[in-house]
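Survey of secondary and tertiary structure
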Amino acid sequence: MSLAAIRIALGPLLLTQGRRVRRDILRLPEAEGPREGVVGEGPPLRLLVLGDSSAAGVGAATQSDALVGQLVAQLSPEYRTAWTVIARTGWTTADARSALADDPSLKADLVVLCLGVNDITTETGIARWLDSYVELTKDLRDRGARLILASALPPMGSFPALPRPLRWYLGRQAEAHDRALADWAAETADVRHVPLDLTLGIDAMAEDGFHPGPEVYAVWADALKAGIEANRARLP
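Scope of this entry: the structure provided in the associated data block. Per-chain numbering applies: the sequence of each chain, read as written, is numbered from 1 onward. Only residues with pLDDT of 70 or above have their local features reported here, since the model is predicted, and side-chain atom pairs are shown and tallied only from 80 upward, although totals for entire chains, interfaces and linings are computed over all residues. Water and hydrogen atoms were dropped before computing side-chain values, which therefore reflect all heavy atoms in the structure.

**Details of the side chain of S53**
Here is the rule: Helix and strand definitions here come from DSSP, where helices need a minimum of 4 consecutive H or I residues and strands a minimum of 2 consecutive E residues; each element is numbered from the N-terminal end. When checking whether two residues touch, look at their non-hydrogen atoms; a contact exists if any pair is within 4.5 Å.
Within the fold, S53 resides in the loop between β2 (44–51) and α2 (67–75). Dropping the residues within four chain positions of it, S53 is found in contact with V58, R88, T89, H211 and Y217.

So, in C-alpha cells, the structure goes:
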C-alpha cells in the first residue's frame, strides 16, 4: 500500500495524533550564545549553517555544544572560519529561503543545510520540497557558495516523542524525502548529501524525544567534517 493510500486510511488518527504532539511536546529553547563569529587559523573560510531547530541548536544548552560549535571546533585547526547561523524552530525550506533573502549582504563559501523535517510535518510533497531546495541552492550560489552540504533527514521513525502509527508514517515520509534529496544531490556538482548514522539510542536525544542532544550533534559534525574533507578541492 502506498503512503498516500495509508494517509487516507489512517488520516483521522494521524491528524489527531499530530495535534496532540504539537500540544503536549516539551518545548525546548534554541541554544544560547552568539550566532556568528571568527575562529581558527589558516586560510579564510566563510561558513553558513542554515536551517530549522536542529541548526538553531535545540537540544543543546549553548551553540558551542550544538552543531555549529562542534563543526567549527573541528575546522579551527585548518581554517580561519567566519561562521554564521541562520535558523529558527519550525522553519521549512521555503522559510529558510525567505530568511536568507532578508540579509542580501551575506556571503558564504561553505553552506550546511539542515532542512526537511518541518516540510514533512506540514505535508509538503517531495516535488514541491525539492523545488524549494533547488531554488535555495541557486540563491546560495549567487552568494559565493562553492560547496553545499545537504544534511540527511533524521530517522523520524525512531523519535520517541511520536506515537504510533504517526511515528511510522512520518518515518516513511522522511525516508522517501531523503532518498529524493540524495538522488538530486548526486546529480548536482556542488551539492553533497551527508548521511547521518544516528544509532546512539534514545539517551543521546534531547529530553523532548524529538531533537538531537549534544552527543548526536557531535556525530553529525563528524559526518559534515568528513564531507568537507572529501570535497576540499571545492573550497578556497
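**Overview of the pairing of strand β6 (residues 191–194)**
Within a regular beta strand, the side chains point alternately toward one face of the sheet and then the other, so they alternate between its two faces. Note the threshold: When DSSP locates at least two bridges between a pair of strands, those strands are taken to pair. Seen with the strands pointing away from the viewer, any crossover whose path from the first strand over the helix to the second strand runs clockwise is right-handed.
Relative to β6, strand β5 (residues 147–151) is paired through four bridges, and the arrangement is parallel. Looking at β6, one finds that L149 is bridged to R192. Between the parallel elements β5 and β6, the chain passes through helix α6 (residues 166–186) in a crossover that is right-handed.

**Quick word on the sheet that holds β5**
Strands belonging to one sheet form pairs held by backbone hydrogen bonds; the direction of such a pair is parallel or antiparallel. Using the following cut-off: Angular values range over 0 to 180 degrees, each being the angle between N-to-C directions of two axes fitted as lines to C-alpha atoms, with helices fitted over their stretch in contact.
In spatial order, the strands read β1-β3-β2-β4-β5-β6; together these six strands make up an open sheet with mixed pairing. For this open sheet the edge positions go to β1 (36–39) and β6, each flanked by a neighbour on one side alone. Taken pair by pair, the neighbouring strands of this sheet meet at an average axis angle of 20°, ignoring direction. With eight bridges joining them, β2 and strand β3 (residues 80–87) adopt parallel strand pairing.

**Brief notes about the packing of helix α5 (residues 126–142) against α6**
Note the threshold: Each angle receives one of four descriptions, namely roughly parallel if under 35 degrees, roughly antiparallel if over 145, roughly perpendicular if within 65 to 115, and oblique otherwise. Here a crossing is taken to be left-handed if its near helix is turned anticlockwise relative to the far helix by less than a right angle, and right-handed if that turn runs clockwise. Residues are grouped as follows: Ala, Val, Leu, Ile, Met, Phe, Trp, Tyr, Cys and Pro are nonpolar; Asp, Glu, Lys and Arg are charged; all remaining types, including Gly, are polar.
Taken N-terminus to C-terminus, the directions of α5 and α6 make an angle of 40°; their axes are 10 Å apart at the nearest point. Taken together, α5 and α6 sit at an angle that is classed as oblique. Read as a crossing pair, α5 and α6 show a hand that is right-handed. Along its contact with α5, which presents I126, W129, L130, Y133, V134 and T137, the element α6 presents A176, H177, A180, L181 and W184. Looking at side-chain class alone, the contact of α5 with α6 contains nine nonpolar, two polar and no charged residues.

**Observations regarding the pattern of salt bridges**
Heads up, the rule is: Whenever a carboxyl oxygen of Asp or Glu lies within 4 Å of a side-chain nitrogen of Lys or Arg, that contact is scored as a salt bridge.
Scanning the model with the defined rule gives 10 salt bridges in all. When the shortest N-O distance is used, the salt bridge between R46 and D109 registers 2.8 Å. Placement of the pair is R46 in strand β2 and D109 in the loop between α3 (93–101) and β4 (110–114), with a sequence separation of 63 residues. Each of E78, K225, E229 and R232 takes part in salt bridges that share partners, so that together they form one network.

Everything listed is a geometric property; what it means functionally is a separate question.
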